[in-house]
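Coordinates in review
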Amino acid sequence: MATLDQTSLDDKFADDSEKHQVHLAEVDIAEATGAAFDDPNLDKDHLGNLEDDSPYPEVRAAVSNTDDPDMPSNTLRAWVLGIIWAIIVPGLNQFFFFRYPSVFITGLVAQLLSFPMGRAWAAIMPRVRIGSVEVNPGPFTVKEHVLVVVMASVGAGSAYATDIVAVQRVFYNQQWNFGYQWMIVMSTQLIGFSIGGVARRFLVDPPSMIWPASLVNTALFNTLHQTHVWYFFPGYIFQALGYFSWVCWIAPDNVPVNQMFGYFHGMGMSLITFDWSQIAYIGSPLATPWWAEMNVGAGFLFFFWFLTPILHYTNTWYAEYMPISSRTSYDNTAKKYNVSRILNEDATLNMAAYKAYSPLFLSTTFALSYGLSFASITSTLVHAFLYFRKQIWLQARRSLHEQPDIHARLMSRYPQVPEWWYVTIFLTMFAFGLASILAWPSQFPWYAFIVSLIISFFYVIPIGMIQAITNQQVGLNVITELIIGYWMPGRPIAMMMFKTWGYITMAQALTFTSDFKLGHYMKVPPRAMFFAQVVCTIIAGTVQLGVQAWMFTNIEGMCEDDQKNGFICPSTQFSHGQIYYGLVFFFLVGALAPVITYYLTKLFPNSPVLRYLNWPVLFSGTGYIPPASAVNYVPWTIVGFIFQYVIRRRHFAWWAKYNYVLSAALDAGVAVSVIIIFFCLQFPKNNEIGIDTIQVWWGNSVFLNTADYLGTRMRTLAKGETFGPATW
């Protein structure tokens, strides 16, 4: 495969500009993009050669438009290296998942480190065969490299079902055997893969489905870059650089100031951080289109810097008795809600105990995040119908070789994955799911299991299209909680299971689809991708269960709020007459907003604001709050605007060469640094290295001595006093 020559990119984009007018006349732009909608990612000033390359400059900058079908990919070397990284990366991510701030180790680490490993294999291993398999097929190829990274990343994130296992252990004292744990993890991780064949037609083949995050990987494949060690400063040496809440340091005991300017329990109006892990906590700002970042930023400004203070300081939902932003649930004494006080021995809700104890209260940002999630669910469906219905119908009738994209045409030469492979995966994982809920006292009926899958399948295409265009995923976790909460109240284990299958089936389907798009860009045979994804998802899930079991056995204070290394385990309120009933109206807001925008666009077709306004992204983009805060959103928006708008428009050739590579380098640098810091400086000697020196100097303690860090409330209670309604 020909790779991009960095030194020739300037000439390439100059030629693109010169040919622009000619190609506009020769080829219809809509046909070239495959987009039956007004695509905000389409830059008509940089269309390029529409016949022989992608119409999207970010794709042209990162992806080669040629292919060598004889290049080795599905080799023994790729499988050995891939399985090694499929153990290391998911294991480390499971370890850091329970820590805040968590650091997600992406496949970029494996991408960087597997490259010299592959080159070393090519140089050292003998050129012999084991049967028909070559031990050393020659130089380490880019397609092998892609396959290794896919194996490392497909199961890299903490399996959502491990949350169920952890919560059962911590809160309900249920430690069911490994067979149950393994089947529930495998089912929730792989069952979404069964719709990969359908999703591929809509989400992978069309050129308008660019999947911005995949471009970071493709850019690094073509230009491996050196990582950075800056994270040692905000991550260990000078942690105040990460939590740069300088206003709180000036007035550490002023509660309103700390609530507005703090980063731990506040609104983060201090604005500044020097920690890339904080900036990229919600995803790299160098990978998300600028207009999507502006939607997220606008949603944050209105809902969290404008609406949240109004709600909090008017004591709506009794908010002033709690921190303005917290992931914790509270009782009417302002203490952490004690779930064990309202449960029967079989882990079902004891309504009498609930009435005798307390209603559940949420911080202002936590409550508002539920409302925004409700709005994102309805706005996604309405937005998809209004804007994407023609696109969905078009792709339903179009085969791979009919796609206008050069990359789709090149991929059409490879044998595709048969439909029955997906059916086999679905039936096997469906059986695992049934076994795990029926063989153990889960209180989760089989028909609810089926309904959760239907919800997830229904949302895959509309949410996938939004993610492929904007790099933002709408979550189904809150709506699934709400449905099962009304349907089967008082069954917390069943609620978690319904939420996991209802949400993760969709999320995993899109993870597999994103990897398929990476393989599509890099011209890796689809069948090799299929086996790599399935096998390494099984390996990753098994490893994560083992890591989690080890952590609960060996880490002192696991899941306690004051766990010294930060392993705090980050984790029937909407009925009429209840405290948070008003949030239900966000469903209506989410449904109406896209309709209003759609018809306003008809009246004002040239309005740039209306063209780029995307309500599902605006509502769902702030879904990480809490525990995320402005430190994760404001710098993210600023950095994204500078790189994705200012630099892209004023220095396009530089942006095309370095933007995605820089993003990959920063992400990988943080990931490598945090591993070294933890295992070399924190985990040894039980975190006592530098306990009287570097750990307690001003730069590592100033932000700890503030009302923000302590979560100080506006209103406090006298001993024995409670707040909230008299009855509930």
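Residues numbered from 1 in each chain as written. Predicted model: local features only at pLDDT ≥ 70, side-chain atom pairs only at ≥ 80, totals over all residues. Heavy atoms only, no water.

Quick look at the overall build of the protein now. From N to C terminus, the protein includes 30 helices and four strands. Put simply, the protein has 728 residues, and 60% of those count as buried. Total accessible area on the protein stands at roughly 28,700 Å², and carbon and sulfur atoms take up 63% of it. (Helix = DSSP H or I, 4+ residues; strand = E, 2+ residues; numbered from the N terminus. Buried < 20%, exposed > 50% of the residue type's maximum accessible area, 1.4 Å probe, protein only. Areas by Shrake-Rupley, 256 points an atom, 1.4 Å probe, with all protein chains shown as cover.)

The predicted coordinates ought not to be read in detail in places where the model reports low pLDDT. In the predicted model, the protein carries a mean pLDDT of 81, and the fraction of residues at 70 or more is 85%. Scored below 50 in pLDDT, residues 224-229 shows 18 contacts in the model against residues more than four places distant or in partner chains. (pLDDT = per-residue confidence, 0-100. Contact = heavy atoms within 4.5 Å.)

Here helix H8 (residues 178-190) contains 13 residues, and its C-alpha end-to-end distance of 18 Å stays within 8% of the 18 Å for a straight helix at 1.5 Å per residue. With ten of 13 residues buried, H8 lies mostly within the body of the structure. Turning to H8, its buried residues are Tyr180, Gln181, Met183, Ile184, Val185, Met186, Ser187, Thr188, Gln189 and Leu190. Next to the buried residues of H8 lie helix H7 (161-171), helix H19 (419-438), helix H22 (492-522) and helix H23 (526-554). Its side-chain oxygen placed 3.1 Å from the backbone nitrogen of Gly179, Asn177 serves as the N-cap of H8. (Expected span 1.5 Å × (residues − 1). Polar contact = N/O pair within 3.5 Å; in protein donor to acceptor, adjacent residues only side chain to side chain.)

Attention now goes to the packing of aromatic side chains. This structure, assessed with the given rule, holds 49 aromatic pairs. With a centroid separation of 6.2 Å and 50 degrees between ring planes, the pair formed by Tyr318 and Phe723 is classed as tilted. The class for Tyr318 is partly exposed, based on a relative accessible area of 27%. Given a relative accessible area of 4%, Phe723 falls into the buried group. Residues Trp487 and Phe498 carry aromatic rings whose centres are separated by 6.2 Å and whose planes lie at 85 degrees to one another, so their mutual orientation is edge-to-face. Of the two residues, Trp487 is situated in helix H21 (residues 477-487) and Phe498 in helix H22; the sequence distance between them amounts to eleven residues. Phe498 sits in the buried class, given a relative accessible area of 0%. A network of ring pairs unites the aromatic residues Phe426, Phe430, Phe444, Trp446, Tyr447, Phe449, Phe457, Trp487, Phe498 and Trp501 as a single cluster. Of note, Arg389 hangs over the ring of Phe385, and the distance from its end group to the ring centre comes to 5.2 Å. Just above the ring of Trp655 sits the side chain of Arg648; from NZ or CZ to the centre is 4.8 Å. (Phe/Tyr/Trp six-rings, centres within 6.5 Å; stacked < 30°, edge-to-face > 60°. Lys NZ or Arg CZ within 6 Å of the ring centre and 35° of its normal.)

Moving on: the pattern of salt bridges. Scanning the model with the defined rule gives six salt bridges in all. A salt bridge links Glu58 to Arg648; the nearest nitrogen and oxygen atoms lie 3.1 Å apart. Accessibility assignment for this pair places Glu58 and Arg648 in one class, buried. For Glu481, the salt bridge identified is with Lys499, shortest N-O distance 2.7 Å. Of this pair, Glu481 sits in helix H21 while Lys499 is found in helix H22, placing the two residues 18 residues apart along the sequence. There is no split in this pair, since Glu481 and Lys499 are both buried. (Salt bridge = Lys/Arg side-chain N within 4 Å of Asp/Glu carboxyl O.)

What follows deals with the nonpolar core. Phe303, Phe444, Met497 and Trp501 are the most contacted members of the largest nonpolar core, which totals 156 residues. No other element matches the 16 residues that H22 contributes to this core. The contact partners of Phe303, leaving out residues within four places of it in the chain, are Thr308, Leu368, Leu372, Phe586, Leu618 and Phe619. Core analysis: the next-biggest nonpolar cluster, separate from the first, contains 30 residues, Tyr56, Ile279, Leu286 and Val670 among them. (Core = buried A, V, L, I, M, F, W, Y, C linked by side-chain atoms within 4.5 Å.)

Moving on to H7. Along H7, the positions that sit buried rather than exposed are Ala161, Thr162, Ile164, Val165, Ala166, Val167 and Gln168. Buried residues in H7 make contact with helix H4 (76-97), H8, H22 and H23. In the segment just after H7, Asn173 is the residue with positive phi, at about 55 degrees.

Topologically, Phe643 is positioned in helix H27 (residues 630-650). By relative accessible area, Phe643 is classed as buried at 17%. Discounting residues that sit within four places of it in the chain, Phe643 has contacts with Leu286, Arg648, Trp654, Trp655, Asn659 and Leu662.

Before going further, it helps to examine the environment of Thr273. Mapped onto the fold, Thr273 is located in the loop between helix H13 (255-261) and helix H14 (276-279). Separated by 30 residues in sequence, Thr273 and Tyr243 have C-alpha atoms that sit 6.3 Å apart. A distance of 3.3 Å separates a polar side-chain atom of Thr273 from the backbone nitrogen of Asp275.

Interaxial distance between H4 and helix H6 (residues 142-153) falls to 7 Å at its minimum, and their mutual angle equals 30 degrees. Judged on the interaxial angle alone, H6 and H4 are roughly parallel. Here H4 runs over H6; the crossing is right-handed. Across the interface between the two elements, Arg77, Ala78, Trp79, Leu81, Gly82, Ile83, Trp85, Ala86, Val89 and Pro90 from H4 touch Glu144, Leu147, Val148, Met151 and Ala152 from H6. Here the residues of the contact of H4 with H6 sort into twelve nonpolar, one polar and two charged. (Axes fitted to C-alpha atoms, helices over the stretch in contact; angles between N-to-C directions. Parallel < 35°, antiparallel > 145°, perpendicular 65-115°, else oblique. Left-handed = near helix turned anticlockwise from the far one by under 90°. Nonpolar A, V, L, I, M, F, W, Y, C, P; charged D, E, K, R; others polar.)

What follows concerns the packing of helix H5 (residues 107-124) against H6. Packing of H5 against H6 brings their axes to within 9 Å, and their N-to-C directions diverge by 140 degrees. Accordingly, the angle class assigned to the pair H5 and H6 is oblique. Two packed elements cross with a definite hand, and for H5 against H6 that hand is right-handed. From H5, Gly107, Ala110, Gln111, Ser114 and Phe115 reach across to H6, where they touch His145, Val148, Val149, Ala152 and Ser153. Residues of the contact of H5 with H6, tallied by class, amount to five nonpolar, five polar and no charged.

What follows is about the side chain of Gln94. Along the chain, Gln94 turns up in helix H4. For Gln94, a relative accessible area of 0% corresponds to the buried category. Among the polar contacts made by the side chain of Gln94, one reaches the side chain of Thr162 at a distance of 3.4 Å.

Attention shifts here to unusual backbone geometry. A positive phi angle, near 60 degrees, is found at Trp317, a position not held by glycine. For Trp317, the location among the structural elements is in the loop between helix H15 (290-313) and strand S3 (329-330). Notably, Ala334 is not glycine yet its phi reads approximately 70 degrees, a positive angle. Take Ala334: it is sitting in the loop between S3 and helix H16 (351-357).

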